[in-house]
Number of protein chains: 2
Amino acid sequence: MRKGRQSFEFENPPFILSGYSIVGPKEGLGRFGKSFDRVLEDDLWGEKTFEKCEVKLHRETVRAAIARARTESGLVDAMLSADLLNQIVAASFAAKDIDTVFLGLYGACSSFGEAMIIGSMLISGGFFDNVSCSTSSHFASAERQYRFPLELGNQRTPTAQWTVTAAGCTVIGKCPPAEGRRICIDSCTPGKVVDYGIDDESNMGACMAPAAAATLAAHFKEMERAPSYYDEIWTGDLGKYGMDLLRYLLVSEDIVLGNNYHDAGAEFYTTEQHPVQGGSGAGCSSSVFNSYILNRLKSGEVKRVLICPTGALLSKDSPLQGSTIPAVAHAFSVLSEE
Amino acid sequence: MRKGRQSFEFENPPFILSGYSIVGPKEGLGRFGKSFDRVLEDDLWGEKTFEKCEVKLHRETVRAAIARARTESGLVDAMLSADLLNQIVAASFAAKDIDTVFLGLYGACSSFGEAMIIGSMLISGGFFDNVSCSTSSHFASAERQYRFPLELGNQRTPTAQWTVTAAGCTVIGKCPPAEGRRICIDSCTPGKVVDYGIDDESNMGACMAPAAAATLAAHFKEMERAPSYYDEIWTGDLGKYGMDLLRYLLVSEDIVLGNNYHDAGAEFYTTEQHPVQGGSGAGCSSSVFNSYILNRLKSGEVKRVLICPTGALLSKDSPLQGSTIPAVAHAFSVLSEE
């Protein structure tokens, strides 16, 4: 079952029962716009603050994913969730209205990977029959918390990214759904914290690329799979520059990523939307996985996909105290069969 | 293995290999002072900021616990960690210097329970041979982040608590240590988020008592164990008033807590130290468990102990936006045998 120090091949692989995604209006106009389940008309969704909107975004995404999963009880056994707000209040306030065990996680924008890995292990280990794995982010709540007030109209640096307003939730279970293709999480490689000493909070791609390289190198070596084994390999939100860095770093490990390599953040928006390096945020990889990627796994258009969400570890204060920005990346692979 | 909706009895219970605790100077003068492994001389430990001190506190506690565990590799397979700083930077920065998979968690002051439960499941499920479970908090970094600058010298309300400067880490593994009593985690009950509508951030006991009551009631019922089954039952940091509330709430479930019921926060400081309702913080339950409680489990003075850390879910901003303060509590039981 365990392969090397970090990787695992599931003997009882958990199955994906459902996925759901809700995004903001700008995100609905982006490249994956037609794939999302729901696109909001504005960034507040009837709430008084952006933070409360993110709570609702998270809650409604989880609820819809659970409803779509059609579990026997209409519930899930546990909710594994994370977001970028201080003390993950979007996830934990969402959990108030969902009758299940709550396991709060934090791995910044890698959290969706962490949730899918821990959730898969808890199901494969026989503890839960089904769990929901969800993450969210909101452009306006993230800007306010990490960067500058929107009203300031600050200029973006050339390496900046745009936090997506989006939530994604996957429900996984020990038995496959009654109909359709069987889509399982067949392996995973949880990551270590990696720090290359980058301290520029406007260059998340450079902070996270080394962590993605470490996790992917461990995955390919320990699982004895080449990048070409997968139909597609997706990192979370490295952005365009971060993708280049990842390719560069992996070459020194004798790993060459081909045209099957994608980044959810880099491809999230159109060029006309001016996202600079691309989208980012904990909701980036989860919303793209639970829409565009999962839809094509369901149809069989892609059959073997590796997902590696990446997260930069910092707070609003840590760079001000001179700390560097370490990062972590958690990878899981998904297999779609008849 | 699974009992009811929330509780689990481990078929392959994981064993405690080691525990370690480091606390601040005030904590060293408290009721558990003589039990802690290390007491710092000041609140900065040679660092320039309280936040950096908390990183060091967390890192050195995990390192010492791993060294004491004497695992074959000198490492652990994964580090499950949490703290109260925004984006859990104490835990994640500590993880930079520890060569292992990092799984960041957040359940406020209940996080130690969450880490022990997830860690136990991942070991019992056969995924990891050993993991570290650690949490920390720091009085000065918490005051600054959640409340007021220390320099303001603010008066405390009668229901306030005092965030402990402390870190605790337990290393658990699939095999018992070569010598001494065998101490295992034999059952657990992860909790749901409970909200009684309390919105007073200076009354954490009232926020958390309903969550503790829900988790403990589920535990006693699903595990078919009475409170008297345990030599001791410990909640995390309800404080004195919160303890009264918990007793009151459990009576309506026909559960009466006897003299074997304790609260790590309420007993942390002496009355002369003026902690008002007692200690609190993510490091409260973990430092007390890994010192006073674990020492007596090792000696056999206590044999069956239930630990239920409790966490209030809020950020600095959420009460300012009119949100209530929901809470969560995660319980695990420990068994000490010859």
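The structure we're discussing is the one just above.
Worth saying up front: this structure is predicted, and the values here are computed from it rather than measured.

A separate point is the interface of chain A and chain B. Facing 61 residues of chain A, the contacting portion of chain B comprises 61 residues. In this assembly, chain A packs against chain B so that about 4800 Å² is buried in total across both faces, 60% of it on carbon and sulfur atoms. In terms of surface lost to chain B, no three residues of chain A exceed Q87(A), F127(A) and Q321(A), which account for 17% of the buried area on that side. Scanning the region where chain A abuts chain B turns up eight salt bridges. Here D99(A) makes a salt bridge to K192(B), at a shortest N to O gap of 2.7 Å. Connecting chain A to chain B are 28 residue pairs in polar contact (both at pLDDT 80 or more). Going through the elements one at a time, α2 (50–69), α3 (89–95), β6 (101–104), α4 (111–124) and α5 (139–146) of chain A are the ones with two or more residues in the side of chain A that touches chain B. The biggest single contributor to the side of chain A that touches chain B is α4(A), with five residues. A class-by-class count of the residues in the side of chain A that touches chain B yields 28 nonpolar, 19 polar and 14 charged.

With that settled, the discussion passes to empty space enclosed by the protein. Inspection of every chain in the model, using the stated rule, returns five cavities of 30 Å³ or more. Forming the walls of the largest cavity are 13 residues, and the residues nearest its centre are E51(A), V89(A), S315(B), S318(B) and Q321(B). Looking at the lining of the largest cavity, the elements with two or more residues in it are α2 and α3 of chain A. Broken down by element, the residue count for the lining of the largest cavity peaks at three residues, all from α2(A). For the lining of the largest cavity, the per-class residue count stands at four nonpolar, six polar and three charged. Lining the second largest cavity are L85(A), Q87(A), I88(A), Y106(A), L85(B), Q87(B), I88(B) and Y106(B).

What follows is about the side chain of Q145(A). With respect to the helices and strands, the residue Q145(A) is situated in helix α5. Judged by its relative accessible area of 13%, Q145(A) is buried. The residues touching Q145(A), leaving out its near neighbours within four places in the chain, are L84(A), L85(A), N86(A), K316(A) and Q87(B).

Residues and elements named next belong to chain A. Burial along β6 is two-sided: V101 and L103 facing one way and F102 and G104 facing the other are all buried. One ladder, built from four bridges, connects strand β5 (residues 78–83) with β6; its direction is parallel. Across the sheet, L80 pairs through a bridge with L103, a residue of β6. In this view, the connection linking β5 to its parallel neighbour β6 by way of α3 has right-handed handedness.

This brings us to α2(A). For an α-helix the count is 3.6 residues per turn, leaving residues at separations of three or four pointing the same way. Taking 1.5 Å per residue, 20 residues should reach 28 Å; α2(A) reaches 28 Å between its end C-alpha atoms and fits that length. Looking one or two places after α2(A), you find R70(A), whose phi comes out positive at around 50°.

Moving on to helix α7 (residues 239–251) of chain A. Residues and elements named next belong to chain A. Relative to the 18 Å expected for 13 residues at 1.5 Å per residue, α7 spans 19 Å between its end C-alpha atoms, a close match to the ideal helical length. Among the residues of α7, G239, G242, M243, L246, L249 and L250 are the ones counted as buried. End-on view of α7: buried residues confined to an arc of 130°, all on one side of the axis. On the buried face of α7, the contacting elements are α6 (204–223), β11 (232–235) and β12 (261–263).

Analysis parameters
Residues numbered from 1 in each chain as written. Chains lettered and ligands numbered in written order. Predicted model: local features only at pLDDT ≥ 70, side-chain atom pairs only at ≥ 80, totals over all residues. Heavy atoms only, no water. Contact = heavy atoms within 4.5 Å. Buried area = accessible area lost by both parts, 1.4 Å probe. Salt bridge = Lys/Arg side-chain N within 4 Å of Asp/Glu carboxyl O. Polar contact = N/O pair within 3.5 Å; in protein donor to acceptor, adjacent residues only side chain to side chain. Helix = DSSP H or I, 4+ residues; strand = E, 2+ residues; numbered from the N terminus. Nonpolar A, V, L, I, M, F, W, Y, C, P; charged D, E, K, R; others polar. 1 Å grid on protein atoms, 1.4 Å probe; cavity = no way out; pocket = protein on both sides within 12 Å on 5 of 7 lines; lining within 4 Å. Points joined across faces, edges and corners; volume = space filled by probe spheres on them. Buried < 20%, exposed > 50% of the residue type's maximum accessible area, 1.4 Å probe, protein only. Pairing = 2+ DSSP bridges. Right-handed = clockwise from strand over helix to strand, strands pointing away. Expected span 1.5 Å × (residues − 1). Arc of directions from axis to C-beta.

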